Amino acid sequence: MDAADDIADTAERPPVPGRLTGELTVRHPAPVDHARLQVALAGWWGGLGGEAGVLQRQLLVPRLFLQHFAGTSFLVERADGTLHAFLIGFLSQTEPDTAYIHFVGVCPDGKRGGVGSALYRRFFTLAREAGRTRVRCITSPNNHDSIAYHTRMGFRMEPGDRTGDDGVPVHTDYDGPGLDRVSFVREL
Ligand SMILES: CC(C)(COP(=O)(O)OP(=O)(O)OC[C@H]1O[C@@H](n2cnc3c(N)ncnc32)[C@H](O)[C@@H]1OP(=O)(O)O)[C@@H](O)C(=O)NCCC(=O)NCCS
């Protein structure tokens, strides 16, 4: 059993912080984690979008998520305390049936090891227990890894106003001029 399986095994338990058997631990983030998350947001996306992309990602995870959405977010650390993965999510204030995954990241060495999906399953469990019946998230049309991953995780892409080069439905200027997005939804 690898470390990711350990996380998966605990996915149906209440999503509280705790040591997992194996090398990885999962807990809720805290404001003190902000600086290391900013470093991860700069380094883990393979330079996607250049310097502007790095700045956008960093600004998309301000400290407030670690202050006010910590209970629905997760952070994974290795035995030596270094950051391995994170998920920032919340329960919609506006739509009582909806939960929202705002950001997810797995360190480059940890990708394709089942950690991203384990964190998603954990969030799905939390959301179901809170009475939510659907999960939403968005990604950039040029983030092909994210699109492949979310499709594999059972999300469907909502119709957009145009079709991207690779056939994905794109919402033009979704988050502002030039900030196109792909919109995902998954029933729980
Ligand atoms: C996208 C990301 C979160 C996926 O996490 P992960 O731990 O690598 O994913 P998992 O190993 O749990 O994979 C889950 C499934 O998705 C598939 N998958 C993951 N990444 C994929 C990719 N790039 N292309 C195709 N399939 C992929 C896996 O093969 C697996 O499918 P399986 O169950 O059939 O084996 C991670 O690669 C990452 O952090 N990427 C950079 C940041 C990013 O783009 N974040 C998302 C947008 S905010």
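Presented here is an overview of the structure given in this document. (Residues numbered from 1 in each chain as written. Predicted model: local features only at pLDDT ≥ 70, side-chain atom pairs only at ≥ 80, totals over all residues. Heavy atoms only, no water.)

A closer look at the pattern of salt bridges
Part 1 of the argument: If you walk through the whole model with that rule in mind, you get 10 salt bridges.
Part 2 of the argument: Two residues, glutamate 77 and arginine 27, come together in a salt bridge whose shortest N-O distance is 3.0 Å. Note that glutamate 77 is positioned in strand β2 (residues 74-77) and arginine 27 in strand β1 (residues 25-27), a separation of 50 residues in sequence.
Part 3 of the argument: Taking relative accessible area as the criterion, arginine 27 reaches 24% and is therefore assigned partly exposed.
Part 4 of the argument: A salt bridge links arginine 156 to glutamate 187; the shortest N-O distance between them is 3.5 Å. Highlighted residues: arginine 156 in strand β6 (residues 156-157) and glutamate 187 in strand β9 (residues 182-187), separated in sequence by 31 residues.
Part 5 of the argument: Among the residues examined, arginine 156 registers a relative accessible area of 47% and is labelled partly exposed. (Salt bridge = Lys/Arg side-chain N within 4 Å of Asp/Glu carboxyl O. Helix = DSSP H or I, 4+ residues; strand = E, 2+ residues; numbered from the N terminus. Buried < 20%, exposed > 50% of the residue type's maximum accessible area, 1.4 Å probe, protein only.)

Things to note about the sheet that holds β2
Part 1 of the argument: Pairing in this open sheet of seven strands is mixed, and the strands run β1-β2-β3-β4-β5-β9-β6 from one edge to the other. Strand pairing shows two members of the sheet lacking a second neighbour, β1 and β6, which therefore form its edges.
Part 2 of the argument: Sheet topology note: the β1/β2 ladder contains three bridges and is antiparallel. Along β2, the bridge assignment pairs arginine 27 with leucine 75.
Part 3 of the argument: Relative to β9, helix α6 (residues 144-152) is tilted by about 15 degrees, and along the sheet it contacts β5 (134-139), β6 and β9. (Pairing = 2+ DSSP bridges. Contact = heavy atoms within 4.5 Å. Axes fitted to C-alpha atoms, helices over the stretch in contact; angles between N-to-C directions.)

Comments concerning the packing of aromatic side chains
Part 1 of the argument: In the structure shown here, the tally under the stated rule is 11 aromatic pairs.
Part 2 of the argument: Ring centres of tyrosine 120 and tyrosine 149 lie 5.1 Å apart, and the angle between their planes is 80 degrees; this geometry places the pair in the edge-to-face category. Placement of tyrosine 120 in helix α5 (residues 115-129) and of tyrosine 149 in helix α6 is noted, with a sequence separation of 29 residues between them.
Part 3 of the argument: Among the residues examined, tyrosine 149 registers a relative accessible area of 22% and is labelled partly exposed.
Part 4 of the argument: Three or more aromatic residues link up through ring pairs in this structure, and these residues are Tyr120, Phe124, Tyr149, Phe155 and Phe184.
Part 5 of the argument: Geometry around phenylalanine 74 places arginine 122 over its ring, the cationic atom sitting 5.6 Å from the centre. (Phe/Tyr/Trp six-rings, centres within 6.5 Å; stacked < 30°, edge-to-face > 60°. Lys NZ or Arg CZ within 6 Å of the ring centre and 35° of its normal.)

Function cannot be read off these values alone, since they describe shape.
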